[in-house]
Amino acid sequence: MERAFLPCRIAVLTVSDTRTPGDDRSGDTLVERLEGAGHVLADRAICPDDRVAIGEHLTRWIEQPGIDVVISTGGTGLTGRDVTVEAHRDVYDKEIDAFGTVFTIVSMKKIGTSAVQSRACAGVAGGTYLFALPGSPSACRDAWDEILVHQLDFRHKPCNFVEIMPRLDEHLRRK
């Protein structure tokens, strides 16, 4: 029996000191892709490259029951201002270790060994999936087209993130 598509409510956070809503190409790429796949844009924002500010933004969205997934773009590199990964890890209950590995494999096919400079990561916090992607539109396309479009689709087999979503915070409900 074919499973029905279940749309996720996804928030997009662009981490940048310079981007504005008018020139946020990476955020636009993610919104275009997620809506094109049938998901719902739950919220969208731009946040400066500041670990505390990023963490506060992630925490606000984690606490909102109307958000299932948060995808951030930007701040995953190696420079001093790249603190998105640290902010994500500050809020994770669990890290999805293989996400970064799979993203690196996908990137290697496109940009060769330059893929080692990305620290893309993912995790779960409070029953919400969190993904930190690089700030380039092409990296956002690669992550969405090669990984997230499948894992955020309930119909994807043999398994996907959506089917276990109701159980992500079961440890918080136990007595």
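Numbering of residues begins from 1 in every chain and follows the order in which that chain's sequence is written. Predicted model: local features are reported for residues with pLDDT of at least 70 only, side-chain atom pairs are reported and counted for 80 or more only, and whole-chain, interface and lining totals are derived from all residues. Excluded from the side-chain calculations are hydrogens and water; all other atoms, namely the structure's heavy atoms, are used.

## Re the pairing of strand β3 (residues 69–73)
- Buried residues dominate β3, accounting for five of its five residues.
- Pairing between strands is defined by DSSP: at least two bridges between the two strands are required. Helix and strand assignments come from DSSP, with helices taken as H or I runs of at least 4 residues and strands as E runs of at least 2, each series counted from the N terminus. Relative to β3, strand β1 (residues 9–15) runs parallel, the two being bridged by five bridges. Along β3, the bridge assignment pairs threonine 14 with threonine 73.
- Note that β3 and strand β6 (residues 128–133) share five bridges and pair parallel. Burial here depends on accessible area, computed with a 1.4 Å probe over protein chains only, as a share of the maximum for the residue type. Under 20% is buried, over 50% is exposed, and the range in between is partly exposed.

## Focus: helix α5 (residues 137–151)
- With 15 residues, α5 extends 20 Å between its outermost C-alpha atoms, agreeing within 8% with the 21 Å of an ideal straight helix rising 1.5 Å per residue.
- Bend, in this description, refers to the angle at a residue between axes fitted to the seven residues ending there and the seven starting there. Of all the bends in α5, the largest measures some 45° and sits at tryptophan 144.
- Listed as buried for α5 are Pro137, Ala139, Cys140, Asp142, Ala143, Trp144, Ile147, Leu148 and Gln151.
- Considering only its buried residues, α5 is in contact with β1, α1 (25–36), β3, α4 (97–111), β6 and α6 (161–164). Helices are assigned an expected span. That span is 1.5 Å times one less than the residue count. Should any heavy atoms of two residues lie within 4.5 Å, those residues are considered in contact.

## Here's the deal with the packing of α4 against α5
- Contact pair α4 / α5: the axes reach a minimum separation of 10 Å and the direction vectors enclose 115°. The element α4 and its partner α5 pack so that their crossing is right-handed. On the side of α4, the interface is formed by Phe99, Val102, Phe103, Val106 and Lys110, while α5 contributes Ala139, Asp142, Ala143, Glu146, Ile147 and Leu148.
- In terms of residue class, the contact of α4 with α5 is built from eight nonpolar, no polar and three charged. Angular values range over 0 to 180 degrees, each being the angle between N-to-C directions of two axes fitted as lines to C-alpha atoms, with helices fitted over their stretch in contact. By definition, any crossing whose near helix is turned counterclockwise from its far helix by less than a right angle is left-handed, and any crossing with a clockwise turn is right-handed. Under the grouping applied here, Gly and all other residues not named as nonpolar or charged are polar, the nonpolar ones being Ala, Val, Leu, Ile, Met, Phe, Trp, Tyr, Cys and Pro and the charged ones Asp, Glu, Lys and Arg.

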